[in-house]
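Coordinate analysis (summary)
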Amino acid sequence: MDNSQDCVLSIKWENDNLVILDQTKLPEKVEYITLQTIEEVWDAIYKLKVRGAPAIGIVAAYGLYISVRNSKAADFESFYQELRKNSDYVASSRPTAVNLFWALKRMEKRALDSKNKTLEEIKMDLLNEAHAIRDEDEAMCKSIGENLLTLLKDGMTILTHCNAGGLATARYGTALSPIFLAKDKGWNIKVFADETRPLLQGARLTVWELMQYGVDVTLICDNMAAHVMSKGWIDAVITGCDRVAANGDAANKIGTYGLAVLAKAHNIPFYIAAPSSTIDIDTPDGGKIVIEERSEEEVSCGFGKRTAPIGVKVYNPAFDVTPNHLITAIVTEKGILRPPYKEAIEIILKK
Ligand code: MRU
């Protein structure tokens, strides 16, 4: 992407330190923080200082390396036990995005594959694995953008939800990647961004990112999506994804399922953008995906402003599952999947 040098990176490896953009401070402040311990990494993921499925995986991978780089273990067995313990700990930070578990498993495997090397060499291999996870994510996001662009045309208007942009990945994003590419080509693509209650990732992050890149973006509240669709203003809905089950059901930010229903009712294509690291072949269908529930304050007292009576009962699921029959296509770096998804997923994962 022509302007990629201007992209704000959400994760950096700088002078042997893990540095992340604190996304809870956006859009008011662009503030980077250094994560020095595994506890800080856990906290950053849990509190959404870093968020978005691929970004969580990348930070967890670096975090695992950080957690053992000063290990005093005497042999591989005790080193590996320490690594496993830290891996289980980071894995407990958030349950839904499979990229977290995928990245941690990849790090553990790298340690096992290197078991005959010295511990210092194994530590270097772990750092290189974390770099690889980050670099591969960047390449995957670019390819997802190129694949999605083949489904779009100059002049279209896209509706998106939550933030599946560069902030949520190593770079470029998934759902937003084709929009950046289209901008580079000189296309006039417009975006409607759902604000995304309750934590406003759409308003705070997606709108901010798109405006930085000069994309024509309009912010709407989540409950306005049906209205703008009924006006005929939306040509396609594109969202990211936290986990695709083996049958193509897809978990993403709460509200995505509703958008897919609305898109169907208005005959608008509904695309899920996801790297293959988001496909979880071990989860047969969406009903088996663990949906994170977050604190009631996020709904009743968001950003410190009480908006409901103290003591009200609150239900705050962070994600929902869009059933496969509502998804027009799942766009990965390896190609565009169409129903029936079970077969399409099996084929693409062999590539
Ligand atoms: O709770 P969040 O902000 O981590 O939720 C993020 C999303 O739902 C994204 O759409 C998803 O992780 C895809 S990011 C490329």
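Placed above this text is the structure.
Reading the values: the criteria
- Residues numbered from 1 in each chain as written.
- Predicted model: local features only at pLDDT ≥ 70, side-chain atom pairs only at ≥ 80, totals over all residues.
- Helix = DSSP H or I, 4+ residues; strand = E, 2+ residues; numbered from the N terminus.
- Rg over C-alpha atoms; globule rule 2.2 N^0.38 Å.
- Contact = placed C-beta atoms within 7 Å.
- Axes fitted to C-alpha atoms, helices over the stretch in contact; angles between N-to-C directions.
- Parallel < 35°, antiparallel > 145°, perpendicular 65-115°, else oblique.
- Left-handed = near helix turned anticlockwise from the far one by under 90°.
- Pairing = 2+ DSSP bridges.
- Buried ≥ 20, exposed ≤ 12 C-beta atoms within 10 Å, placed from the backbone.

Structural notes on the overall build of the protein chain
- Along its length, the protein chain carries 11 helices and 14 strands.
- At 20 Å, the protein chain has a C-alpha radius of gyration in line with the 20 Å of a compact globule built from 351 residues.
- Referenced to the eigenvectors of the C-alpha coordinate spread, the extents of the protein chain come out at roughly 65 × 50 × 40 Å.
- For the protein chain, long-range pairs separated by at least 24 residues make up 75% of all intrachain contacts whose partners lie at least 6 apart in sequence.

So, the packing of helix H1 (residues 38-46) against helix H2 (residues 53-68)
- The N-to-C vectors of H1 and H2 enclose an angle of 165°; their axes lie 9 Å apart at closest approach. Of the possible angle classes, the one that applies to H1 and H2 is roughly antiparallel. The chirality of how H1 crosses H2 is left-handed. Contacts from Ile38, Val41, Ala44 and Ile45 in H1 reach Ile56, Val59, Ala60, Gly63, Ile66 and Ser67 in H2.

A word on the sheet that holds strand E3 (residues 32-35)
- Strand order in the open sheet formed by 3 strands is E1-E2-E3, with antiparallel pairing between adjacent strands. Each of the sheet's edge strands pairs with one partner strand only, and the pair in question is strand E1 (11-14) and E3. Put simply, the sheet's adjacent strands are angled 30° from each other on average, direction ignored.
- Sheet topology note: the E1/strand E2 (residues 17-21) ladder contains 4 bridges and is antiparallel. Note that in E2 the partner of lysine 12 across the bridge is valine 19.

What about helix H6 (residues 177-184)?
- Extensive coverage of H6 is indicated by the burial of 6 of its 8 residues.
- Of the residues making up H6, those classed as buried are Ser177, Pro178, Ile179, Phe180, Leu181 and Ala182.
- Its buried side turned inward, H6 meets helix H5 (119-149), strand E4 (157-160), strand E5 (190-194) and helix H7 (201-212).

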